[in-house]
Amino acid sequence: MFEEGGQLHFALPLFDAIEHFFFAAAARTQVAPHIRDPLDIKRYMMMVIWGLLPAVLMSWYFYGLRVLAVIIVSYAVGGLIEVAVACIRKEEINEGFLVTGLLFPMVLPPALPLWMVAVGVAFGVLVGKEIFGGTGRNLFNPALLGRCFLMLAYPTAMTSNYVIPKTEFPGRLFTWVGDFFNLDATTSATPLAALKGEGALASLKDLFLGVHASSLGESCTLALLLGGLFLLFTRVSSWRTVVSVLGSYFVMSLVMHMINGDKYPSPLWQLSAGGIMLGALFMATDPVSSPMTRSGRYMYGILIGVVAVLIRNLGGYPEGVMFSILMGNIAAPVFDEIAIKLRLRKLAHEG
């Protein structure tokens, strides 16, 4: 019934996706190698999900069952859009949303209304991905573009729904935070917002362990480092991108700290606060929206690190990582073009 002319032919992409995920044997090709594993992209995406797992578990511990609800809404709405678009285009359903659907909740405030989660992920998938042709063709990171839309459309909600995490065992594992019940929840400013508004400086220990208000996946620097190192070790993430982002961020933070140490915190503090670790380890390394060349990745990472520091310390927003990565996404093709031309020029001189 799913074949050409069948009653459910319009749902063939959905049927193929389910079959390949659960049942399909490896596809045979005409020339060697004769077996092609259909789960290669899925395995790649699953490695990223495994890398995110420590941050997700810590987020659940700190903020409770609402974290699971946000993830479910993200996957349900974004996945439905992916399936619908694939059926309309009569294309195969790709696996790119497996990661986007989990990354998007990690950049949201814990008590953000669920309907806003749905609106944000829908915008990120449609405008950030499908409008460019789907998986592998998107210019921007869809998760960050969805958050950017929410930040511009609903600034009050995006800045007032941060909750102080509960660290005493068992945390909030079995409670709900936010709308409907408002159990055991006290809103608070993030460390970066408190620094910009009141000049208050959270301790490094609190930042490292996640004992402060933040987005769902940004709170615990230790969990992000564990997941990020896993991705670097398995070569899923590009170490060139990570090193250039964090290195340039550290150097620029150090320069500003040396200029005015009373106003601008130390580089170590700034590396531990906000979304720089999540951005550098999981967002900037997106293989589609980042450069393909080695030299391009260095330029891309330096741009992100420098711009993030400038926005944080000199701009009107307390956080600048989201905007800096989206700016890097725009510049990524240019960096690749520059790197290729420089390489060709070097080869021409050597020849």
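Predicted model, so just to flag it, every value in this text is computed and none were measured.

Asks: Can you lay out the overall build of the protein for me, pointing to particular residues and giving the numbers?
Replies: Per the secondary structure count, the protein includes 15 helices and two strands. Buried positions account for 50% of the 351 residues belonging to the protein. For the protein, the share of sequence-separated contacts (at least 6 apart) that also reach a separation of at least 24 residues comes to 72%. A total accessible area of about 17,200 Å² is found for the protein, and carbon and sulfur atoms account for 69% of it.

Asks: Give me the lowdown on the packing of helix α3 (residues 66-89) against helix α5 (residues 114-128), citing residues and values where you can.
Replies: As a packed pair, α3 and α5 sit with axes 9 Å apart at the nearest point and diverge in direction by 35°. For the crossing formed where α3 meets α5, the hand is right-handed. Here Arg66, Ala69, Val70, Val73, Ser74, Val77, Gly78, Ile81, Glu82 and Val85 of α3 lie close against α5, whose contacting residues are Leu114, Val117, Ala118, Val121, Ala122, Val125 and Leu126.

Asks: Could you give me a rundown of the side chain of Thr190, with the residues and numbers involved?
Replies: Inspection of the secondary structure puts Thr190 in the loop between α7 (155-160) and α8 (191-198). Taking the relative accessible area as the measure of exposure, Thr190 reaches 16% and is therefore buried. Once residues within four sequence positions are removed from consideration, Thr190 is found in contact with Tyr162, Ala213 and Ser214.

Asks: Pulling in residues and values, what's your account of the pattern of salt bridges?
Replies: For the structure on display, the rule yields three salt bridges. Residue Lys129 pairs with Glu82 through a salt bridge whose shortest N-O separation is 2.5 Å. Within this pair, whereas Lys129 is found in the loop between α5 and α6 (142-153), its partner Glu82 is found in helix α3, the two being separated by 47 residues in sequence. Judged by its relative accessible area of 7%, Glu82 falls in the buried class. Arg312 serves as the salt-bridge partner of Glu319, at 2.8 Å between the closest nitrogen and oxygen.

Asks: A description of the packing of aromatic side chains should follow, citing residues and the corresponding values.
Replies: The final tally for this structure, using the stated rule, is seven aromatic pairs. When the ring of Tyr61 is compared with that of Phe62, the centres are 5.8 Å apart and the planes differ by 70°; the resulting orientation is edge-to-face. Looking at Tyr61, the relative accessible area reads 17%, which means it is buried. Residue Phe62 is classed as buried on the basis of its relative accessible area of 2%. An aromatic cluster of at least three residues, connected via ring pairs, comprises Tyr61, Phe62 and Tyr63.

Asks: Quick one: what's the story with the layout of surface pockets, residue by residue and with numbers?
Replies: By volume, the largest pocket amounts to about 480 Å³. Lining the largest pocket we find 33 residues, and of these Arg147, Tyr162, Ser215, Glu218 and Glu319 sit closest to its centre. Put simply, the parts of the chain that give the lining of the largest pocket at least two residues each are α6, α7, α8, α13 (276-283) and α15 (321-350). The element contributing the most residues to the lining of the largest pocket is α15, with four residues. Taken together, the residues of the lining of the largest pocket break down into 18 nonpolar, 12 polar and three charged.

Asks: Give a description of a nonpolar patch on the surface that names residues and reports values.
Replies: On the surface, Phe250, Val251, Leu254, Val255, Met258 and Ile259 cluster together into a nonpolar patch covering about 580 Å² of accessible area. With respect to the secondary-structure elements, Leu254 resides in helix α11 (residues 239-259). A residue is classified by how much of its surface remains accessible, and Leu254, at 33% relative accessible area, is partly exposed.

Asks: Can you explain the nonpolar core? Please cite residues and give values.
Replies: In this structure, Leu108, Leu112, Phe282 and Ile325 are the most contacted members of the largest nonpolar core, which totals 78 residues. If one sorts the elements of this core by residue count, helix α2 (residues 40-63) sits on top with nine residues. For Leu112, the residues in contact, after removing those within four places along its chain, are Arg66, Val117, Leu150, Ala157, Met158 and Asn161. Residues Leu195, Leu207, Trp269 and Ala273 belong to the second largest nonpolar core, which totals five residues.

Asks: Could you give me a rundown of helix α4 (residues 97-106), with the residues and numbers involved?
Replies: A large share of α4 lies buried, amounting to nine of its 10 residues. Restricting attention to buried positions, one finds in α4 the residues Phe97, Val99, Thr100, Gly101, Leu102, Leu103, Phe104, Pro105 and Met106.

Asks: Break down α6 for me, with residues and values.
Replies: Its 12 residues place the ends of α6 16 Å apart at the C-alpha level, agreeing with the 16 Å of an ideal helix rising 1.5 Å per residue. With nine of 12 residues buried, α6 lies mostly within the body of the structure. Buried-residue contacts for α6 involve α4, α5, α7, α13 and α15.

Asks: Could you give me a rundown of the confidence of the model for the protein, with the residues and numbers involved?
Replies: Low pLDDT marks regions whose predicted coordinates should not be analysed in detail. In the predicted model, the protein carries a mean pLDDT of 84, and 83% of its residues have values of at least 70. Taking the mean pLDDT of every element in the protein, the minimum, 50, falls on strand β2 (residues 35-36) and the maximum, 96, on α11. In the predicted structure, residues 21-26 sits below a pLDDT of 50 and forms 10 contacts with residues beyond four places in sequence or in another chain.

How each quantity is defined
- Residues numbered from 1 in each chain as written.
- Predicted model: local features only at pLDDT ≥ 70, side-chain atom pairs only at ≥ 80, totals over all residues.
- Heavy atoms only, no water.
- Helix = DSSP H or I, 4+ residues; strand = E, 2+ residues; numbered from the N terminus.
- Buried < 20%, exposed > 50% of the residue type's maximum accessible area, 1.4 Å probe, protein only.
- Contact = heavy atoms within 4.5 Å.
- Areas by Shrake-Rupley, 256 points an atom, 1.4 Å probe, with all protein chains shown as cover.
- Axes fitted to C-alpha atoms, helices over the stretch in contact; angles between N-to-C directions.
- Left-handed = near helix turned anticlockwise from the far one by under 90°.
- Salt bridge = Lys/Arg side-chain N within 4 Å of Asp/Glu carboxyl O.
- Phe/Tyr/Trp six-rings, centres within 6.5 Å; stacked < 30°, edge-to-face > 60°.
- 1 Å grid on protein atoms, 1.4 Å probe; cavity = no way out; pocket = protein on both sides within 12 Å on 5 of 7 lines; lining within 4 Å.
- Points joined across faces, edges and corners; volume = space filled by probe spheres on them.
- Nonpolar A, V, L, I, M, F, W, Y, C, P; charged D, E, K, R; others polar.
- Patch = residues over 30% accessible without salt bridge, like charges linked within 9 Å, V, L, I, M, F, W, Y side chains within 5 Å.
- Core = buried A, V, L, I, M, F, W, Y, C linked by side-chain atoms within 4.5 Å.
- Expected span 1.5 Å × (residues − 1).
- pLDDT = per-residue confidence, 0-100.

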